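# Architecture at a glance
As a plain string of letters, each chain reads:
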Amino acid sequence: MKTVWTRVLAALVVASGVVGLVPRAARAGEVSVTVVNVETPQGVKVWLPTGITAKKGDIVKLKLVNKLANDHGYSIPAYNVGVIVPAEGPNGNAEITFTADKGGVFPINCQLHPAHVAGQLVVLE
Ligand SMILES: [Cu+2]
């Protein structure tokens, strides 16, 4: 008797679609961007794109390419990440990977040359 009721209940649960309402584990997305350091005709050095946007929980993967003749930094102090990207040539690349675990707008800068144009990391809640 108990078995019959269990089957009926199971059939009702499936038929009513209740199973479909069970929350699934949220999957974080991934933001993958190539960022290139260039110098404008006016002599302004800047990492492009200047803005990186992610959703909270996303994994952010940045491939950094330095096209200039000197080493440059790429740093997001609020996230405690930063690298020095070597000058142009076969070794002019670096990568940063981190989880965007807090929302807000955070400055991105070159820790070697504070005068460089700064960028922004925007993490949407
Ligand atoms: Cu620099």
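Scroll up a little and you will see the structure.
Let me sum up the structure you'll find in this document. (Residues numbered from 1 in each chain as written. Predicted model: local features only at pLDDT ≥ 70, side-chain atom pairs only at ≥ 80, totals over all residues.)

Another point: the pairing of strand S5 (residues 72–76). A large share of S5 lies buried, amounting to four of its five residues. Bridge count between S5 and strand S6 (residues 81–85): five bridges; the pairing is antiparallel. When the sheet's bridge partners are listed, histidine 72 is paired in S6 with valine 85. Counting the residues between successive antiparallel strands, the hairpin from S5 to S6 contains four residues, one of them, asparagine 80, with a positive phi of roughly 60°. (Buried ≥ 20, exposed ≤ 12 C-beta atoms within 10 Å, placed from the backbone. Helix = DSSP H or I, 4+ residues; strand = E, 2+ residues; numbered from the N terminus. Pairing = 2+ DSSP bridges.)

As a further point, take the nonpolar core. Ranked by internal contacts, the top residues of the largest apolar core, which has 15 residues, are Ala54, Val60, Leu64, Tyr74 and Leu121. The set of elements that each furnish at least two residues to this core consists of strand S3 (51–55), strand S4 (59–66), S5 and strand S9 (119–124). Considering every element that reaches this core, the biggest residue donor is S4, with three residues. (Core = buried A, V, L, I, M, F, W, Y, C linked by C-beta atoms within 7 Å.)

Here the amide bond leading from leucine 48 into proline 49 is cis, since omega sits at -5°, within 30 degrees of zero. Relative to the helices and strands, proline 49 resides in the loop between strand S2 (45–48) and S3.

A word on the sheet that holds strand S7 (residues 93–99). Overall, mixed pairing links the four strands, which are arranged S2-S1-S4-S7 in an open sheet. The sheet terminates laterally at S2 and S7, the two strands that pair on one side only. Strand-to-strand twist across the sheet, computed as the mean angle between neighbouring axes with direction ignored, equals 20°. (Axes fitted to C-alpha atoms, helices over the stretch in contact; angles between N-to-C directions.)

Such coordinate-based values are descriptive only and should not be taken to indicate function.
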